[in-house]
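Understanding the architecture of this molecule
Here is what each chain is made of, one letter per residue.
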Amino acid sequence: MMNDREALLEEALRYTHRMLELAACQEWQAVVELEARRRSLLEQAFATREPLTESLAERVREILDLDKVLLEASMRIRDEVGEELGQLHKGRRGTRAYRASA
């Protein structure tokens, strides 16, 4: 039988897997919304000072490992967007220079 803390961490782990699925589909707004709900679950799970059992610690480690993957994906997309914005800015400068010389 699962206790409340186990249930909270299990749900947080499910949310984390779903967040990765959403990130793979570039659904970043949904990732952010789900992360807020997951954070609430984690806060509830750690509201107690009880030590973690090995089973619960394993779930926490899995969440942390998946978070690293999610962070890497978000950093990649941030860099891609930054590059695209840089190219857009460069194109606008070129267009202004062309118009000014015409």
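Here's a quick rundown of the structure.

Procedures and definitions
Each chain carries its own residue numbering, running from 1 in the written order of its sequence. Local features in a predicted model are, by the rule used here, given only for residues with pLDDT of at least 70; side-chain atom pairs are given and counted only at 80 or more, and totals for whole chains, interfaces and linings are based on all residues. Heavy atoms throughout the structure, all of them, feed into the side-chain values; hydrogens and water do not. Here a strand is any run of E in DSSP of at least two residues, a helix any run of H or I of at least four, and the numbering for each starts at the N terminus. Note on exposure labels: buried denotes an accessible area under 20% of the residue type's maximum, exposed denotes more than 50%, and partly exposed covers the range between, all computed with a 1.4 Å probe on protein chains only. Here, nonpolar core refers to any group of buried Ala, Val, Leu, Ile, Met, Phe, Trp, Tyr and Cys residues whose side-chain atoms link them within 4.5 Å. Note on contacts: a residue pair is in contact if any heavy atoms of the two residues lie within 4.5 Å.

Quick notes on the overall build of the protein
The helix and strand inventory of the protein stands at three helices and zero strands. Tracing the protein from N to C terminus, the helices and strands come up as α-α-α. Along the first, second and third principal axes, the C-alpha set of the protein runs to 75 × 25 × 20 Å. Here the protein holds 102 residues, and the buried ones make up 25% of them.

Considerations on the nonpolar core
If you look at soluble globular proteins, the nonpolar side chains tend to sit buried side by side. Core analysis: the largest hydrophobic core is formed by 18 residues, its most contacted members being L9, M19, V31, L34, L41 and L70. If you list the elements that add at least two residues to this core, you get α1 (4–24), α2 (28–45) and α3 (54–101). The element contributing the most residues to this core is α1, with nine residues. In this view, L34 contacts Y15, R18, M19 and L22; residues no more than four positions away in its chain are not counted.

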